[in-house]
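Listed here are the chains, written in short residue letters.
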Amino acid sequence: MEKGTLVEFRVQGDRRLGVVDRPDGKTRWFVVDERGQSHSLAPRQITYTVNGNTYKPSDIDRFLEEVKPYLDPSSLEVAWELLVEDGETVTPSQMANLLFSESNSAPSYAAHCLLSDDKLYFKQKGDAYEPRTAAQVAERKHQIEVEALKARGQQEFLTRVEQALQGEAVEWQRHDRQRLEGLEKYGTLLADIVKVGLNYDSLARAYPPPALVLETMNMLGRPATPQGAFQLLVDLGWWSATENLFLRRSSIPVQFPSKVLEVAQQRLDFPPTDLDTNRLDLTHLKVYTVDDESTTEIDDGLSWEKLPDSRERLWVHIADPTRYLAPEDDLDLEARKRGSTVYLPTGMIPMFPEILATGPMSLVQGRVCCALSFGVVLDETGAVEDFTIHPSLIKPTYRLTYEDVDEMLELGVQAEPEIAAIATWATKRKSWRYNQGAISINMPEAMIKVKNDDISIDILDDSRSRQLVAEMMILAGEVAARYGQVHNIPLPFRGQPQPELPPEDELLRLPAGFVRACAMRRCMPKSEMSITPVRHAGLGLDTYTQATSPIRRYSDLLTHFQLKAHLRGEVPPFTAEELKEVMMTVTSTTQELTMVERQTNRYWALEYLRRHPEEIWQVTVLMWLREDSNLALILLEDLGLQLPMVFKRSVRLGEQVLVKVSISDPQKDVIQFQEIIYQEAQTAAN
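Residues numbered from 1 in each chain as written. Predicted model: local features only at pLDDT ≥ 70, side-chain atom pairs only at ≥ 80, totals over all residues. Heavy atoms only, no water.

Enquirer: I'd like a description of the overall build of the protein, backed by residues and values.
Expert: A tally of helices and strands in the protein yields 22 helices and 25 strands. For a compact globule of 686 residues, the expected C-alpha radius of gyration is about 26 Å, and the protein comes in at 39 Å, more than 25% above that figure. Overall size of the protein, expressed as C-alpha extent along the three principal axes, is 130 × 70 × 45 Å. Out of the 686 residues in the protein, the part that is buried amounts to 47%. A separation threshold of at least 6 residues defines the contact pool for the protein, and within that pool the share at least 24 residues apart is 65%. Carbon and sulfur atoms provide 49% of the accessible area of the protein, an area that totals close to 34,600 Å². Each charge sign in the protein was given a centre, from 75 positive and 102 negative side chains, and these centres are 3 Å apart. (Helix = DSSP H or I, 4+ residues; strand = E, 2+ residues; numbered from the N terminus. Rg over C-alpha atoms; globule rule 2.2 N^0.38 Å. Buried < 20%, exposed > 50% of the residue type's maximum accessible area, 1.4 Å probe, protein only. Contact = heavy atoms within 4.5 Å. Areas by Shrake-Rupley, 256 points an atom, 1.4 Å probe, with all protein chains shown as cover. Lys, Arg positive; Asp, Glu negative; His and termini not counted. Charge placed at Lys NZ, Arg CZ, Asp CG, Glu CD.)

Enquirer: Outline the nonpolar core, supporting the account with residue identities and numerical values.
Expert: Judged by nonpolar contacts, the single largest core of 59 residues is most densely connected at L609, W617, L636 and F673. For this core, the element with the highest residue contribution is helix α21 (residues 576-610), accounting for eight residues. Other than its neighbours up to four places away in sequence, L609 contacts W617, L636, L639, L643, V661, S664, I671 and F673. (Core = buried A, V, L, I, M, F, W, Y, C linked by side-chain atoms within 4.5 Å.)

Enquirer: Break down unusual backbone geometry for me, citing the residues and quoting the values.
Expert: The phi dihedral of N452 falls on the positive side, at around 55°, and the residue is not glycine. As for its position among the elements, N452 is in the loop between β17 (445-451) and β18 (454-460). For N488, which is not glycine, the phi torsion reads 55° and is therefore positive. For N488, a relative accessible area of 70% translates into the label exposed.

Enquirer: Which residues make up the layout of surface pockets, and what are the values?
Expert: Unfilled space is identified by rolling a water-sized probe across the atoms. Of the voids in this model, the second largest pocket is the one considered here, and its volume is about 400 Å³. Lining the second largest pocket are 20 residues; nearest its centre among them are T47, Y48, T49, P92 and H112. In the lining of the second largest pocket, the residues fall into four nonpolar, twelve polar and four charged. (1 Å grid on protein atoms, 1.4 Å probe; cavity = no way out; pocket = protein on both sides within 12 Å on 5 of 7 lines; lining within 4 Å. Points joined across faces, edges and corners; volume = space filled by probe spheres on them. Nonpolar A, V, L, I, M, F, W, Y, C, P; charged D, E, K, R; others polar.)

Given below as structure tokens:
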């Protein structure tokens, strides 16, 4: 190669011109660019040689000015149309002749630049260029259009992200939502920190980001990790900082499909024909519904009446949602998919659309309501002497809270003797069950509520009113199961194997109260479902089914379908095998619901403790989780919360100590306490 030859080469992908100066060894050349910088180049690094003249580095700018007028990419389309039919290859010099009718240095180099940069019409073949076929050009035009649209969409997305990060209201587009929903799915993996015990680093390694998530996070300069995705969604206002990842990670549907809502509205506007034409009119009875003040799905009521033979009859009236649906219809299948109403600190997710669940399905005060009523006569010991079950009409008289009933019982309100009578029978009934082997385990239960980001925790006390209602619901469950047993009706019977409790002398060595109850609770086997009657050891009943919450539990709804069909003289809608199959599906769903409820409650409990770092709590050491490591389960008595704690000294079961929260991270599911000695607690209190 001669000194003064003008050549093209590339530096980090950029096109550069230089003038050959001298050899560098046997095969390389020193080339000087327009800036006077010297480059040692191998022949393969030279991408074009300008023929015909010799140059100096100072000539390069002038040469480029000569080239500029020829650099019109649109001219290639004309050349392509002339060459495509015959598929002829062309060199840059031949292309210059074709395009500009001249082939000296400047137009030939311009032709080279156009051809080498072109991605649409020509492809390189050795030192020449071959026209692409018409089909290939059409496909590449489509690709370029798609890429341009994608680039524009990305830029518009980035603009909207910037607006959202600055707190401006943003109208997200459909393509944005695909990105954000991908981020949602990836961000919910943080729930696995709790579920399977992974830490952040392990989680990121175990779950690499999908392509769209990786692209989005890289565009925004954010870490492509589940934590990064979560934080971005919070920063955008798409999620709250306390987003329920357990719920989002689950398969629990939060919204009802539009089809189901339409059906619900139709049933409300045009109630179907009542199949139970022989409903027993019980509207003359005084009916009490007893619930928490916040309850909106009212599914049970209580009555008491004196019979002509001086015996007393208790009535447990249960809401009758089957009045508005049938097995396998849209409402039934949606309820089956949901399994039950989900109760979370932030609110509930109902099993039925609320326009039905809190309206005509509920037992509303002062309104004539359809019900399934269980009339029971107990003997003096509290055992069932006689019972009857009827589809009925009732008219709830009073809607009471548990506090109302406790007050009425305490004051002995003369105008409501029915309440006192029901309470008396509930006490007898409880005694009878314990004589049959029922097991009582009383542990404080926390009720956590979140409203407007304010967290409250109350303890559900085991008051007379709650015991009264619980006994009546258990009574209705026993009666429903006995009816199914007598008439050989497949029902979702619920049982519990006999527990193997610690020996009595061992229990007596444990501190009385919560520690002893905790030890017994550990021995209690899980309840189980069966299509045939089975003993429920915990309740002290030979047969039992749940029938008192058909608006809120699908298994109770199944019981209603089966019982009501038999009461009408019809074959129950579900055979034993069909019922078994449905129950397996529902059991799997409700297990997931229970897990989500438990995880969500724990999250908000830790968040509550995080917000009260200076509070001093009195706790009771309940049991050892790992005694060799001093890891115990403690009970925060004021909150009814049971949490782990590592002690730095030897403590006894049942010992009461004062603690403060040292670390509480609900998102990582981490809680740590430190023990506070009495003097420090006194100082803090003052």
